[in-house]
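The primary structure of each chain is shown beneath.
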Amino acid sequence: MLQMLFRLYPIICLARNSGGADCPCPVLLCFFINHEHWCAAYFCNERVQMESGGCNPCRTDRADSDCGGNLHKDPCEADAGITIIRLRDKMEQTLKIYFTSDVHGYFYPTTYGDLKRKDLGLFSFARDFKKDENTLVIDGGDILQGSAFAYYCRQKSGSPQVIADIMNDCGYDYYTLGNHDFNYGMDYQNAYIEAHHGACVCQNVVDEAGRACHPYVIHTLGNGLRVGIVGIVTDYVNVWERKENLAGICITDPFEAAKEALLHLKKEVDITLCIYHGGFECDLKTGERLQKTTENVGYRICKELDFDILLTGHQHMSVDGQYVHGTYVVQPLENAKEYHYLEAERTKDGLVVRSEKRVADGANAVGALCEKYAADEERVQSWLDQPIGHLSRALLPGEKAEMALHGSPIADFLNRIQLHFSGAQLSAVGLANEIAGFRSEVSVRDIIATYPYPNTLIVCRISGKQLKQVMERSAEYFAVATDGTVQVAESFLVPKVEHYNYDYYMGAAYEIDPAAPVGNRIKNLTYQGKTVTETDSFTLCLNNYRYSGAGGYEVYTGCELVREINTEMVELILEYFKENPYVEV
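From a predicted model like this one, the values you see are computed outputs, not experimental measurements.

### Some thoughts on the pairing of strand β14 (residues 226-233)
Line of reasoning, step 1. Burial within β14 is extensive, with 7 of its 8 residues counted as buried.
Line of reasoning, step 2. Two strands pair when backbone bridges link them, and strand β13 (residues 217-220) and β14 are joined in this way by 4 bridges, in the antiparallel orientation. Bridging across to β14, H219 finds its partner in V227.
Line of reasoning, step 3. The hairpin turn running from β13 into β14, its antiparallel successor, is 5 residues long, and G224 in that turn takes a positive phi close to 95 degrees.
Line of reasoning, step 4. As defined by bridge partners, β14 adjoins strand β16 (residues 271-277) across 7 bridges and the pair is classed as parallel. Bridge assignment links I232 to a residue of β16, and that residue is Y276.

### Structural notes on empty space enclosed by the protein
Line of reasoning, step 1. Per the counting criterion, the structure on display carries 2 cavities of 30 Å³ or more.
Line of reasoning, step 2. Volume-wise, the largest cavity comes out at about 80 Å³.
Line of reasoning, step 3. If you go around the largest cavity, the residues you meet are K400, M403, A404, L431, A432, I435, Y477, H499, Y502 and Y504.
Line of reasoning, step 4. No other element matches helix α10 (residues 400-406), which puts 3 residues into the lining of the largest cavity.
Line of reasoning, step 5. The class makeup of the residues in the lining of the largest cavity is 8 nonpolar, 1 polar and 1 charged.
Line of reasoning, step 6. Taken as a whole, the second largest cavity encloses approximately 60 Å³ of empty space.
Line of reasoning, step 7. Lining the second largest cavity are Q145, G146, S147, Y151, Y184, I448, Y451, P452, Y453, P454 and V570.

Rules and cut-offs
Residues numbered from 1 in each chain as written. Predicted model: local features only at pLDDT ≥ 70, side-chain atom pairs only at ≥ 80, totals over all residues. Heavy atoms only, no water. Buried < 20%, exposed > 50% of the residue type's maximum accessible area, 1.4 Å probe, protein only. Helix = DSSP H or I, 4+ residues; strand = E, 2+ residues; numbered from the N terminus. Pairing = 2+ DSSP bridges. 1 Å grid on protein atoms, 1.4 Å probe; cavity = no way out; pocket = protein on both sides within 12 Å on 5 of 7 lines; lining within 4 Å. Points joined across faces, edges and corners; volume = space filled by probe spheres on them. Nonpolar A, V, L, I, M, F, W, Y, C, P; charged D, E, K, R; others polar.

This is the structure:
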């Protein structure tokens, strides 16, 4: 028998009488040397156990699970009662990930614009998350703001507890913060973090001493794989967010924060993973730069750093799994319309990552989760159906380019409200990508589904020259097809759909020539019948997001602040109807 063993494997054999008090049987200890891997096999009579990383040599129930070996009878010794161990060169280990991002408080399969079931919402697929010790459920941020459900939690309940409970019940292990998770201030955000059972990772959110508030984590899977997990958020939070909502913290450069964390992690882990609430500034196939700003730096992260996996969000665009400069990337659509399932397998040849995009099916939003939070959802729906006023006619959305070119009664009504509360001479407003409009019998639902943002208002002073510049930026929205049809320019659709970056203006008269060169499309700009000159001065009301210069409107950063109206626009719309129960439009 021993001659056969020596013939099959290079070994050093040591015979001894006892395996210890718990294992009195005669033992033959064989050290099999197989490349750089070794394993100790204990032959207790005719039974075989394998020891790897501290397995108890006297346990017989771990032979084929923990140690990764394959046990087979040698055909030449089938009758000898001896088992031969066939060792693999390297144990194959797999990390499984379920990834969502930009859920925006959409849990049930509804947009809240109506009562129709839609193919979205976390409950449409959360029960498909199959958890085990080698699986992580991860979210990429923007969970606290967006839907009517999320708005109700903030404005009516005053607590994110229900949102945290839902994320806990869905099994989330790790998450980063999105820019909209700062909209309601640090107390609200911290309450969510404290109630969430998963770990928040957001390396570039630092305290006043410069220390990371939510540092990277090393997670060891059941199979032994060590996963280094870093989270980062776009630093444009500093541009968009009100200062009081960032009290006690600072958002630093996400690229530099990720770079520094990666330097520490690479020596300690088998897989490096970055959760980035941000997207891509370049075309992923050609590398062509699509955005001039640093709002999104995902392509740079792939090109200059070497994370194994980059989970992205923020742009609300669907990015199928693919390698970009050696880093595997994905991005799901917003509002839980889809999620990505990934498998990262560590083999002797390196890390192999595969993924599958899985689309939400509203019909699957049934079962225990839906039932558990049904009372919360019912309270939201009842609140949404409360009547708040009347319009002389319904104001409903039309085709995007058509509305932008010829005017929108929805935008006119919102500008009317902004002028009412601000007293400004001019007003500018953008419309969300998806809007419901206002029925003649207006309910809270109409308002939330038409103005979903937590914006407040700013009054600034703007010159005639600056006014023309911001209007010209809006006019970049148009493109003319070869058949003469006016359509939305690709720059407002790729890499991210940005209809909200077209602004409608009230208080000044003007015409748009979409066929004219960019920068020279605004014609016949007048105020109260007089041509606007470069040196004219006006007060203009706009939201705080646009005043930050976001969306290509950097001109506003040079406009003097006249006053702030620190009441959210949704609240102002509600107040307008209290003052004017019937509105002629």
